[in-house]
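A structural walkthrough
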Amino acid sequence: MAGPVRDRIVITGIAGRLGRLVARRLHRLPDVRVVGIDRRELAGRPRDIDHVRVDLRSKKARDVFRAGDVKALIHMGLMHDPRSSTEDHHSWNVQGTTRLLEACAQYGVPKVILLSSANVYGPRPDNPQFLAEDAPLMGGQSFPAIRDLIEVDMLTSSFFWKHSQCETVILRPVHILGGVKNAPSNYLRLRFVPTLLGFDPMVQVIHEDDVVEAICRALDPGVRGIFNVVGPGEVPLSTILRELGKPTIPVPHGLAKSLFGALWRGKLTSFPVPELEHIRYVCMVDGSRAISELGYRPRHTLKETIQAVQR
Amino acid sequence: MRVGDWLKQQLFHWVDDQLPSSFRAKLKALPTRQNEYGYDPFGFNRDDAKVAALIARFFHHTYFRVQSHDIARVPSGRVMLISNHSGQLPFDGIAIAGSMLYDCEQPRIVRAMIERYVQTLPFMSYLFARWGSITGTPENCRRLLEDGEAILVFPEGSRGISKPFTLRYQLQEFGLGFMRLALETKTPIVPVAVVGAEEQAPAFNIKPVAKLVGAPAFPVMPVPPFFPIFPFPTKYRIYFGEPILFDGDPDDEDEVLEEKVKVVKNEIQNMIRIGLKERKNIFW
């Protein structure tokens, strides 16, 4: 490759919305060369970003690390398509992550960043209002589809302990809002938003740009550990919907469960039933560690964050 | 504007008219940590809390005609109110919260620790949060104490509130959690005795049914309306004790903590005894 020798930063899942945002921010840095690993095509790719269109589990993905000049891995290429089979999910996410971490250990990558999620704690009626990083990861109890994210999160934290020469960072952001196609943003983009009658939990949201900011901060040398990443504050769900001017349809919980079960089986909705727990119980985290140790501050106000889904 | 929002606004206007203006001014002056939408991190909202204040006013002034003694003993800043718990429905909590609103020089919002079970009940789940209650976990309590709030704890929990009529004014076993937290955060404890609530709903708890429906208790009254939905309008007398600041290691053995808890429990039992002696009639 032409040009001066530069440190390479590998981003998995670069073709996703967040992956692109991170890549766009990093490739402008003078001493960084961004390499993406993603099965999907990277549309509108700048020339100075390399893109390897392979499966995370493949040998070719491993070859990216072979030269030994990878300065950091940003792992955000987890699959969370609720429609795909559990086996596919598990194999891609867990095996893929295992392979990546093996490669990082073998070729001495000094920094690994995993983009996990605050959903690993899970919404529960007996949650304290703010969960710290050492809270148990109970998300899988009510929602099987999140089990492999929890497994990936745990794999990475055991990697953190086993390979102390590598600075491992796990970021657990709250509900990310913006142009991303994740469940909370999709939910808020519905024309009529179903809510659960009599439930209005406090929720935390974060602007996608602020997540990118946190990821870039995690690249700083010396940063390691697990960080909850929160946005500008916490509001009731109803306030978000009012801010967006959305008409809501309150449905009793029992009815909602069977209704969404039927819609799901009929492939009429992309929201699996256990996601209902997120609009029923709190799942909020304490982000003070990221603020004190990462020096991260959300840039966007609550209003901007909420409005970001409509752009 | 949506119909629901309009109704809510009308309700808030009506509530504002009902509350005396001096009280509203005092309520407005209360320091709270609200964000741009008017919510604190636990979901407390001043406008919603006014509705609660009006409800509490009805029970405090009219229904139970609460008479509070020595409320000036409650110190400013972080404090734990530890009270006996009774009466099948938590009207004692409303009465204490009402006293802290209406009998104090400067009204204070009491943050009550509520059962985790309440989070699973529609409407209650968020209404209680809007009114300042919090789910009863040690983490939540610690956080609020560090912010200098007043916390109301019923260490008897559901053992107290759902005890049968025959056990009235006999304190049930106290949990130790509150003492650990008080030691850890160096919070003064104010023992509180509520006299009157124990007769408001003479009921018996049918445990098998409670288990069946998954509720902490299933109380039944031997007289109509059989379910303790409406308590009898007994007269409430609330006694506030001298604040006690305990000293010690929060991680001590249970036996050591039990000694300290016993001090609080005896204090409450004493005040109950005095209250019962002073009282001439249950209803006035």
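Being a predicted model, the structure only gives us computed values, none of them experimental. (Residues numbered from 1 in each chain as written. Chains lettered and ligands numbered in written order. Predicted model: local features only at pLDDT ≥ 70, side-chain atom pairs only at ≥ 80, totals over all residues.)

This part covers the nonpolar core. Considering soluble globular proteins, one finds that nonpolar side chains tend to be buried as a cluster. By size, the foremost hydrophobic cluster in this structure holds 148 residues, and its most contacted members are A:Leu171 and B:Leu81. With seven residues, the single largest contributor to this core is helix α4 (residues 91-102) of chain B. Dropping the residues within four chain positions of it, B:Leu81 is found in contact with B:Ile96, B:Val110, B:Ala150, B:Ile151, B:Leu152, B:Val190 and B:Val192. (Core = buried A, V, L, I, M, F, W, Y, C linked by C-beta atoms within 7 Å. Buried ≥ 20, exposed ≤ 12 C-beta atoms within 10 Å, placed from the backbone. Helix = DSSP H or I, 4+ residues; strand = E, 2+ residues; numbered from the N terminus. Contact = placed C-beta atoms within 7 Å.)

Let us now look at the interface of chain A and chain B. Tallying the contact residues gives 19 residues for chain A and 20 residues for chain B. Put simply, the parts of the chain that give the side of chain A that touches chain B at least two residues each are β11 (234-236) and α10 (302-307) of chain A. Examining the composition of the side of chain A that touches chain B, we find that three residues originate from one element, β11(A), more than from any other. When the residues that make up the side of chain A that touches chain B are grouped by side-chain class, the tally is 10 nonpolar, five polar and four charged. (Nonpolar A, V, L, I, M, F, W, Y, C, P; charged D, E, K, R; others polar.)

Residues and elements named next belong to chain A. Taken together, three strands build an open sheet; the order of strands is β7-β9-β11 and the sheet is mixed. Each end of this open sheet is capped by a strand with a single partner; those strands are β7 (175-177) and β11. Strand-to-strand, the axes of this sheet are offset by a mean angle of 50 degrees, without reference to chain direction. Of the strand pairs in this sheet, β7 and strand β9 (residues 202-207) are connected by three bridges, and their pairing is parallel. Its bridge partner lying in β9, Leu 177 is registered against His 207. Packing against the sheet, helix α6 (residues 208-218) makes contact with β7 and β9, and its axis sits at approximately 70 degrees to β9. (Pairing = 2+ DSSP bridges. Axes fitted to C-alpha atoms, helices over the stretch in contact; angles between N-to-C directions.)

On to helix α8 (residues 253-265) of chain A, then. Look at α8(A): 18 Å from first C-alpha to last across 13 residues, which is about the 18 Å you get at 1.5 Å a residue. Following α8(A) by one or two positions, A:Lys267 adopts a phi angle in the positive range, close to 55 degrees. (Expected span 1.5 Å × (residues − 1).)

It is worth spelling out the pairing of strand β2 (residues 79-83) of chain B at this point. Residues and elements named next belong to chain B. Of all five residues in β2, five are buried, a share of seventy percent or more. Of the pairings in the sheet, the one linking β2 to strand β5 (residues 150-153) comprises four bridges and is parallel in character. Counterpart to Ile 82 in the pairing with β5 is Val 153. Across four bridges, β2 lies against strand β6 (residues 189-195) in parallel orientation.

Residues and elements named next belong to chain A. Taken in spatial order, the seven strands make up an open sheet running β3-β2-β1-β4-β5-β6-β10, and their pairing is parallel. Single-partner strands in this sheet number two, and they are β3 (49-52) and β10 (225-229). In this sheet, adjacent strand axes meet at a mean angle of 20 degrees when their direction is disregarded. Relative to strand β5 (residues 111-115), strand β4 (residues 70-75) is paired through three bridges, and the arrangement is parallel. Paired with His 75 across the two strands is Leu 114, which belongs to β5. Against the sheet, helix α1 (residues 17-26) engages β1 (7-12), β2 (32-37), β3 and β4, with an angle of about 160 degrees to β2. Contacts between helix α3 (residues 86-106) and the sheet are confined to β1, β4 and β5, with β4 contributing the most and set at about 165 degrees to the helix.

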